[in-house]
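Notes for the structure review
Given next are the chains, with one letter for each unit.
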Amino acid sequence: MLSPYQVLDLTNERGLLCGQILGDLGADVIKIEPPGGSRARSFGPFLDDRQGPEKSLYWWAFNRNKRSITLNLDKPEGRTILEQLASKAHFLIESETPGEMAARALGYENLASLNPALVYVSISPFGQDGPKARYADADLVVLAAGGPLIIGGDEDRAPVRVSVPQAYLHASAEAAMAALIAHRERQRSGRGQHVDVSAQQAVAQATQSYILSVPLESDQIQRMSGGVKVGPLKVQLVWQVRDGNVAVVFLFGSAIGPYTRRLMEIVHAEGYCDEATLNKDWLRYTELMLSGQEPLAEYERLKGIVGQFLAGKTKTELLELALKCGLLIAPVTTIEEVVNSPQLAARGFWTEVHHPEVGRTIRYAGPFAKFSRSPIRQRRRPPMIGEHNREIYFQLGYSDPQLESMQRRGVI
């Protein structure tokens, strides 16, 4: 879909996924790394636990369908080469601290003067302006600033982040989407623009509708292991079973109540509750609790009953029961179960990619979406450091002696 277009990917670990999404859609993505390689190559885990810039699984995860060149933007000659590349490119993605690209005379205004059609995408912790624009960041910092952190973890201790960094994955995906929106406008007007993506704003959307609770003066949710607290209600969403955990929607109202009724019919049939419990008003149960007609202690008793019922069954048994009876139950899968998922296998999600530099074939996660007319293909494995220097610099008119000289002088 994007095969006619070229992307210059200058991102560090803050924005790698953005370029990969555009590459998956067919764009020619040139990954521009400093001499010696991107610092993201130092992030683990590593293949066979052997640390090295060409064995970072983190790097491999976010850099397929890209070509790599090395270029030192702190040298005048390096900046001149980037200007040469940017004058013909369609997209540029960067994730430096705000102001650093402009300080090198490589900001949007500088490069747009050479190429007015350039879509210039900046990914940063807090955006290009505002009092926090140049604050130091980490995944933990951004999640804390954006809101999701406060609802993660146990209620009786400090909040915790998701173990796998999430903030810049949100920001990168939104940056790719925003770049395509700017591209659509460019097709109409012929002009590019500066796309400013704040990771803080991106992860704020991960609070879902709860971000509206403050302006609407509604109850704010609070963290609770395996669920959330809303006012006095402790809503359990994850439950322990014989071989792990399942997610169960044990909620009420006109939309969810009928599912809860069906679950309680099975719980009753297996002898875990009496008929009076079965016949509660599951459509109005939240209203009954909030009005005091049904004590919260009774709700806690109901959760205990459901927990006893679930604890005696396996994830597979509960999934089969959910499919047969129309229940809102889903297994909480392990990474191994995801990798061996029959559903993902049936959809051809996994891709075997040969890595000659390590002499092995690696199994990769596949496309983020399926397109019937223009399917996403794994055209390139993640590149080695400067793997495409000769290929790309030759296209710019440089010779082997010139490349050797630039390498000696630390330009590439």
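Turning next to the overall build of the protein chain. Along the backbone of the protein chain there are 17 helices and 14 strands. In terms of overall dimensions, the protein chain has a C-alpha envelope of 85 × 50 × 40 Å along the principal axes. Carbon and sulfur atoms provide 53% of the accessible area of the protein chain, an area that totals close to 20800 Å². Each charge class in the protein chain can be summarised by its mean position, and for the 46 positive and 46 negative side chains these summaries are 5 Å apart.

The subject of this paragraph is unusual backbone geometry. Going from G44 to P45, the amide bond is cis rather than trans, its omega being 5°. The topology assignment puts P45 in the loop between β2 (28-33) and α2 (57-61). Positioned with a positive phi, D49 is a non-glycine residue whose angle comes to about 60°. Judged by its relative accessible area of 72%, D49 is exposed. Here the phi dihedral of A105 falls at roughly 65°; this positive angle occurs in a residue that is not glycine. Structurally, the position occupied by A105 is in the loop between α4 (100-103) and α5 (108-114).

Strand order in this open sheet of six strands is β3-β2-β1-β4-β5-β6, and the pairing throughout is parallel. Two strands lie at the open edges of the sheet, namely β3 (66-70) and β6 (194-198), each paired on one side alone. Neighbour-to-neighbour, the strand axes of this sheet turn through a mean angle of 20°, independent of strand direction. Of the strands in this sheet, β1 (6-9), β2 and β3 touch helix α3 (residues 76-86), which is tilted by about 155° from β1. Helix α7 (residues 167-189) rests against β4 (91-94), β5 (119-124) and β6 of the sheet, and its axis sits at about 160° to β5.

Read across the open sheet, the three strands follow the order β10-β11-β12; overall the sheet is antiparallel. The open sheet has two edge strands, β10 (238-241) and β12 (329-332), and neither has a second partner. Strand-to-strand twist across the sheet, computed as the mean angle between neighbouring axes with direction ignored, equals 35°. Relative to strand β11 (residues 244-248), β10 runs antiparallel, the two being bridged by four bridges.

Under the definition given, this model contains 29 salt bridges. The salt bridge involving R41 is made with E54; its shortest N-O contact spans 3.0 Å. Residue R41 is found in the loop between β2 and α2, and its partner E54 is found in the loop between β2 and α2; the two are separated by 13 residues along the sequence. Judged by relative accessible area, R41 falls into the buried class, the value being 2%.

Its location among the elements puts E298 in helix α12 (residues 296-311). Take E298: its relative accessible area is 16%, and that puts it in the buried class. Polar side-chain contacts of E298 include one of 3.1 Å to the side chain of K280. Residue contacts for E298: discarding those within four places in its chain leaves K280 and Y285.

On to the pairing of β1, then. Going residue by residue along β1, you find Q6 and L8 tucked away on one face and V7 and D9 tucked away on the opposite face as well. Here β1 runs beside β2; their pairing, made up of four bridges, is parallel. Across the sheet, residue L8 finds its bridge partner in β2, namely I30. In this structure, β1 lies alongside β4, joined through three bridges in parallel fashion. Residue pairing across strands places L8 opposite L92, the latter belonging to β4.

Calculation rules
- Residues numbered from 1 in each chain as written.
- Predicted model: local features only at pLDDT ≥ 70, side-chain atom pairs only at ≥ 80, totals over all residues.
- Heavy atoms only, no water.
- Helix = DSSP H or I, 4+ residues; strand = E, 2+ residues; numbered from the N terminus.
- Areas by Shrake-Rupley, 256 points an atom, 1.4 Å probe, with all protein chains shown as cover.
- Lys, Arg positive; Asp, Glu negative; His and termini not counted.
- Charge placed at Lys NZ, Arg CZ, Asp CG, Glu CD.
- Buried < 20%, exposed > 50% of the residue type's maximum accessible area, 1.4 Å probe, protein only.
- Pairing = 2+ DSSP bridges.
- Axes fitted to C-alpha atoms, helices over the stretch in contact; angles between N-to-C directions.
- Contact = heavy atoms within 4.5 Å.
- Salt bridge = Lys/Arg side-chain N within 4 Å of Asp/Glu carboxyl O.
- Polar contact = N/O pair within 3.5 Å; in protein donor to acceptor, adjacent residues only side chain to side chain.

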